[in-house]
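Overview (structure and organization)
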Amino acid sequence: MPLITELVNLATSQRRGGVVTPCPRGDDLVAAFAATAGDRVATALRDDSDAGERLAELAGELREALLAERAADQAALINAMIRRYGAQPYLVEDVGQPFHLHFHGQGGTYVEAMGGEFATALALIVDGYGAGRFGRCSADRCDAVYVDLTRNGSRRYCGPACTARAKSAAYRGRLRG
């Protein structure tokens, strides 16, 4: 999940952690996302001349699905992404690990492959946890998104920094009266 929220927050959130942060575009978006995703992703993205534009488009689609108001709308958006990216399951055996499922899209680019994987991951979360596990950060001056995989579904912030800021603000508010 971190890659999904990382991409969405990087490419679509104008305010993160209380700070206005311009969204990178084009090659800058590719470089910023690749820095968090690892060498394999970085190499694959560098081979696609339109990767920045495709990543921005994918991030917009993911954000729309994550923040859909109604569960039915969310399901429709996720299903449309699964169809668009042609997500199909296949088994993979990583070194030292048992076989597990991957759902890469069947498109011709690495971003399309990620689109299929990300859309299917969201579908599996909705199936296993329910539709209410995605949201916009509740911290003041932050429009980043989160995916809540906690047991009790209590997550409301995009990360530790916003959680700490919100708790500190609440504490200061209680001190004032």
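None of these values were measured; they are calculated from a predicted model.

With that out of the way, let us pick up the nonpolar core. Judged by nonpolar contacts, the single largest core of 32 residues is most densely connected at Leu7, Phe33, Leu45, Leu55, Leu58 and Leu62. Every element with two or more residues in this core is listed here: α1 (2-12), α2 (26-37), α3 (39-46), α4 (51-66), α5 (71-85), α6 (110-129) and β6 (145-147). Examining the composition of this core, we find that eight residues originate from one element, α6, more than from any other. With residues near it in sequence (within four places) discarded, Leu7 still touches Phe33, Leu55, Leu58, Ala59, Leu62 and Phe118.

According to the stated counting rule, one finds eight salt bridges in the structure shown. The shortest N-O distance in the salt bridge between Arg70 and Asp73 comes to 3.1 Å. Overlapping salt bridges bring together Asp48, Asp50, Arg54 and Glu112 as one network.

The subject of this paragraph is a nonpolar patch on the surface. A cluster of nonpolar side chains, namely Leu91, Phe99 and Leu101, defines an oily patch on the protein surface of about 340 Å² accessible area. Positionally, Phe99 belongs in strand β4 (residues 99-102). Judged by relative accessible area, Phe99 falls into the exposed class, the value being 53%.

So, about the packing of α1 against α2. Interhelical geometry of α1 versus α2 gives an angle of 155° and a closest axis separation of 10 Å. Of the possible angle classes, the one that applies to α1 and α2 is roughly antiparallel. For the pair α1 and α2, the crossing hand works out as right-handed. Of the residues in α2, those in contact with Leu3, Glu6, Leu7, Leu10 and Ala11 of α1 are Leu29, Ala32, Phe33, Thr36 and Ala37. Among the residues making up the contact of α1 with α2, the classes are represented as eight nonpolar, one polar and one charged.

Relative to each other, α2 and α3 sit at 155°, their axes nearing to 7 Å. What the angle tells us is that α2 and α3 run roughly antiparallel. Here α2 and α3 pass one another in a crossing that is right-handed. Contacts from Val30, Phe33, Ala34 and Ala37 in α2 reach Val41, Ala42 and Leu45 in α3. For the contact of α2 with α3, the per-class residue count stands at seven nonpolar, no polar and no charged.

On to the side chain of Glu61, then. Locating Glu61 in the fold gives a position in helix α4. We classify Glu61 as buried; its relative accessible area is 18%. Aside from chain neighbours lying at most four places away, what touches Glu61 is Met81, Arg84 and Tyr85.

Relative to the helices and strands, Arg16 resides in strand β1 (residues 15-16). Along the backbone, Arg16 and Ala121 are 105 residues apart, and their C-alpha atoms lie at a distance of 24 Å. A distance of 2.8 Å separates a polar atom in the side chain of Arg16 from the backbone oxygen of Asn9.

Note: strand β3 (residues 90-93) against β4, four bridges, orientation antiparallel. If you follow Tyr90 over to β4, its bridge partner there is His102. Linkage of β3 to β4, two consecutive antiparallel strands, is achieved through a turn of five residues, within which Gly96 is found at a positive phi near 75°.

Note on placement: Asp143 falls in the loop between β5 (134-136) and β6. Summary of buried charges: Asp143 has no salt-bridge partner, and the nearest side chain of opposite charge, Arg63, is 4.5 Å away. A polar side-chain atom of Asp143 sits 3.3 Å from the main-chain amide nitrogen of Gln14. For Asp143, the residues in contact, after removing those within four places along its chain, are Ser13, Gln14, Arg15, Arg63 and Arg136.

Criteria and thresholds
Residues numbered from 1 in each chain as written. Predicted model: local features only at pLDDT ≥ 70, side-chain atom pairs only at ≥ 80, totals over all residues. Heavy atoms only, no water. Core = buried A, V, L, I, M, F, W, Y, C linked by side-chain atoms within 4.5 Å. Buried < 20%, exposed > 50% of the residue type's maximum accessible area, 1.4 Å probe, protein only. Helix = DSSP H or I, 4+ residues; strand = E, 2+ residues; numbered from the N terminus. Contact = heavy atoms within 4.5 Å. Salt bridge = Lys/Arg side-chain N within 4 Å of Asp/Glu carboxyl O. Patch = residues over 30% accessible without salt bridge, like charges linked within 9 Å, V, L, I, M, F, W, Y side chains within 5 Å. Areas by Shrake-Rupley, 256 points an atom, 1.4 Å probe, with all protein chains shown as cover. Axes fitted to C-alpha atoms, helices over the stretch in contact; angles between N-to-C directions. Parallel < 35°, antiparallel > 145°, perpendicular 65-115°, else oblique. Left-handed = near helix turned anticlockwise from the far one by under 90°. Nonpolar A, V, L, I, M, F, W, Y, C, P; charged D, E, K, R; others polar. Polar contact = N/O pair within 3.5 Å; in protein donor to acceptor, adjacent residues only side chain to side chain. Pairing = 2+ DSSP bridges. Lys, Arg positive; Asp, Glu negative; His and termini not counted.

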